[in-house]
Amino acid sequence: MLLIAGHKSESASLSTVLRRHPSACRGRLLDGGKEKNQKHFFSKPSRCSKGVSWYLTQFSSGASNCTLRVDATPNYLHEPHIATRIFYSMPSQLILSGS
């Protein structure tokens, strides 16, 4: 699931709630012990070029039946080419959008 919303639009709160779902995978832990819920996969060519398989590894297996992965990267809303990139990379991706 991609959560696409502008900066300061409560996307962090919604992301937190969604990640509490029993089927949710958490973001991989960073050095400081914080989860990273902004992946910047589709907005950074250096990451996108690694492929969808790499992207999916950026979520830990927080749930035994991990079917919900939440990416709340705000740039996805502001860069027009990203919608096309998402569609061609993951055509069945669920997208929540807000501003």
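Residues numbered from 1 in each chain as written. Predicted model: local features only at pLDDT ≥ 70, side-chain atom pairs only at ≥ 80, totals over all residues. Heavy atoms only, no water.

**Examining the nonpolar core**
Thinking step 1. Judged by nonpolar contacts, the single largest core of 13 residues is most densely connected at Leu-2, Phe-41, Phe-42, Tyr-55, Tyr-76 and Ile-86.
Thinking step 2. Those elements giving two or more residues to this core turn out to be strand 1 (2-5) and helix 4 (81-89).
Thinking step 3. Once residues within four sequence positions are removed from consideration, Phe-42 is found in contact with Leu-2, Cys-48, Tyr-55, Tyr-76, Ile-82, Arg-85, Ile-86, Ser-89 and Met-90.
Thinking step 4. Formed by five residues, the second largest nonpolar core is a distinct cluster that contains Met-1, Leu-18, Ala-24 and Val-70. (Core = buried A, V, L, I, M, F, W, Y, C linked by side-chain atoms within 4.5 Å. Buried < 20%, exposed > 50% of the residue type's maximum accessible area, 1.4 Å probe, protein only. Helix = DSSP H or I, 4+ residues; strand = E, 2+ residues; numbered from the N terminus. Contact = heavy atoms within 4.5 Å.)

**Brief notes about the environment of Leu-3**
Thinking step 1. Looking at where Leu-3 falls in the secondary structure, it is placed in strand 1.
Thinking step 2. Remark: the alpha-carbon pair of Leu-3 and Asp-71, spanning 68 residues in sequence, is separated by 5.9 Å.

**As for unusual backbone geometry**
Thinking step 1. Phi at His-40 is positive, roughly 55°, even though this residue is not glycine.
Thinking step 2. Tracing the backbone shows His-40 in the loop between strand 2 (24-25) and helix 2 (45-48).

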